[in-house]
Each structure stands twice: as C-alpha cells, then as structure tokens.
Amino acid sequence: MTNETAVLASSLGPSLRRWRILNRVKQQALARDLGVSQSRISRWESGQAEPDAVERQKITRLLRARPETASDRALLELVTQAAMPVHLVCDLTHRLLAASPARTKDWRVPVADLIDTPLWRFASEGIRVAEDGLADSGWFEPLGPDIVYLTERAEFLELTIPESRIRISRLALSDGRFARLVRDENALPA
C-alpha cells in the first residue's frame with residue numbers, strides 16, 4: 001500500500017468554492033478563519049495557486065465529510081444494507097464511510113479495516129481519468145450532475161475492483177459537507 005494522498009490538488013479549490021457558495025460563506029470571512037488573504041482564497045478556488053501543507057490541512061479538516069447526525073447515520077445504514085454493490089466515501093478525501101455487502105464480497109479484508117481510510121490508493125486508471133475530468137463535467141458546481149464512467153478490473157492485495165460501469169452521485173450531509181455515492185450501474189439486485 002502507498003501513502004498516496006487522497007485529497008487531489010485538482011479538487012481542493014473547486015470543493016472549497018462549492019462548500020463556500022452552498023454555505024453562503026464569503027471569501028473574506030473564510031480568509032479570516034483560515035488566517036490568509038481573500039485574494040489567496042480566490043486564487044485557490046480558481047486553481048491559480050495551491051495552498052501550502054498547513055493550509056491544505058486546515059481546508060481538508062473544514063471540508064471532509066463527517067456523518068454525525070441521525071439522518072447521516074441513516075444514510076450510512078441504507079448503504080450498508082443495500083443489495084447492490086454500492087459504497088459511500090467522503091467526496092474530498094475518498095475516505096470510506098460505508099459499503100454494502102455486495103460491494104465488499106470481493107474484498108479480502110474486513111470492511112472495518114477500511115472504514116475511515118482513503119480508498120484512492122485502489123483507484124484504477126479509469127477511476128483516475130474520471131476524477132481528472134470532474135471539473136470539466138460540472139461536478140463541483142452547486143447542482144452538479146451524476147457522473148458515469150467505465151473502470152477496468154484492478155487487483156490489489158486487499159480487494160478487487162471489477163470491470164464495471166460506475167455512477168457517482170454527490171450527496172450533501174447535514175453539515176453541508178459532501179459524500180460521494182458510488183454505484184455499479186451494470187449490477188442487478190441480488
């Protein structure tokens with residue numbers, strides 16, 4: 001396993017902008033909270049600059065999904081009881097939040113070993129290409145669309161990613177942060 005970062009530079013600025021707009025937070029107020037200038041926030045959001053390691057850590061703490069309310073826990077329960085291969089990850093960090101038994105049937109480690117762990121290190125080439133194209137697809141807009149892409153089979157010590165057609169949907173949690181629902185489109189309920 002690698003320690004590859006789960007927060008991609010290409011998604012940090014757009015994710016920050018989306019969170020700020022949906023939560024009606026002005027750049028100036030966010031800049032004050034993060035201890036930076038408003039123009040720095042603007043450059044991050046536009047992709048003209050990247051935050052340094054400390055700033056990146058603050059932004060990640062701000063944006064990472066934390067399903068803590070009863071409704072968020074109900075969503076996790078629905079995912080863990082789904083008959084189809086489906087899992088839920090933090091949209092920013094790719095940390096696993098929940099997975100269905102149909103999803104974990106090809107996993108060689110208990111799901112508990114992967115909960116709250118970034119799954120990005122298991123990304124196939126198809127997943128990486130789709131992730132690189134999210135901004136162009138409107139994913140980071142306040143009402144971004146579902147994205148459908150193909151992924152090839154990928155074998156890892158811990159799990160297998162089957163060749164499949166994947167649909168990802170962005171779901172807002174109670175606190176305004178986002179999770180990503182990942183479904184196999186070609187799977188039928190058991």
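This one's a predicted model, so the numbers in the text were calculated from it and none came from an experiment.

### Observations regarding the environment of F140
Reasoning step 1: For F140, the position within the fold is in the loop between α8 (125-132) and β3 (147-151).
Reasoning step 2: Classification of F140 as buried rests on a relative accessible area of 6%.
Reasoning step 3: Residues F140 and L16, 124 residues apart in the sequence, show an inter-C-alpha distance of 9.1 Å.
Reasoning step 4: Beyond its immediate stretch of four places on either side in the chain, F140 contacts S11, P14, S15, R18, L134, A135 and R170.

### Re unusual backbone geometry
Reasoning step 1: With phi around 65°, H94 is a residue other than glycine that occupies positive phi space.
Reasoning step 2: Among the structural elements, H94 can be located in the loop between β1 (86-90) and β2 (96-99).
Reasoning step 3: Residue H94 is classed as buried on the basis of its relative accessible area, which comes to 6%.
Reasoning step 4: Backbone geometry at D116 places phi at a positive 70°, although glycine is not the residue there.
Reasoning step 5: With respect to the helices, strands and loops of the structure, D116 is situated in the loop between α7 (111-114) and α8.

### Focus on helix α5 (residues 70-81)
Reasoning step 1: With 12 residues, α5 should cover 16 Å at 1.5 Å per step; its first-to-last C-alpha distance of 16 Å lies within 8% of that length.
Reasoning step 2: Within α5 the residues assigned to the buried category are D72, L76 and V79. Buried residues of α5 fall within an arc of 60° about the axis and therefore sit on the same side. Across α5 from its buried face, at more than 90 degrees, point the exposed residues A70, L78 and Q81.

### Digging into helix α3 (residues 38-46)
Reasoning step 1: Among the residues of α3, I41, W44 and E45 are the ones counted as buried. On an axial view of α3, the arc spanned by its buried residues comes to 95°, and they lie on one face.
Reasoning step 2: The positive-phi residue at the C-terminal boundary of α3 is G47, with phi of around 85°.

What counts and how
- Per-chain numbering applies: the sequence of each chain, read as written, is numbered from 1 onward.
- Local features are withheld for residues below a pLDDT of 70 in this predicted model, meaning they are given only at 70 or higher, and side-chain atom pairs are given and counted only at 80 or more; totals for whole chains, interfaces and linings count all residues.
- Only heavy atoms go into the side-chain values, all of them from the structure, while hydrogens and water stay out.
- Under the scheme used here, helices are H or I runs from DSSP no shorter than 4 residues and strands are E runs no shorter than 2 residues, and both carry numbers assigned from the N terminus.
- Throughout, exposure labels follow a simple rule: accessible area from a 1.4 Å probe, protein chains only, divided by the maximum for the residue type, with under 20% read as buried, over 50% as exposed, and the rest as partly exposed.
- Only heavy atoms enter the contact rule, under which two residues are in contact if any of them lie within 4.5 Å.
- By this rule, a helix spans an expected 1.5 Å times one less than how many residues it contains.
- This arc is taken over the directions from the axis of the helix to the C-beta atoms.

Remember, this is a structural readout, not a statement about activity or role.
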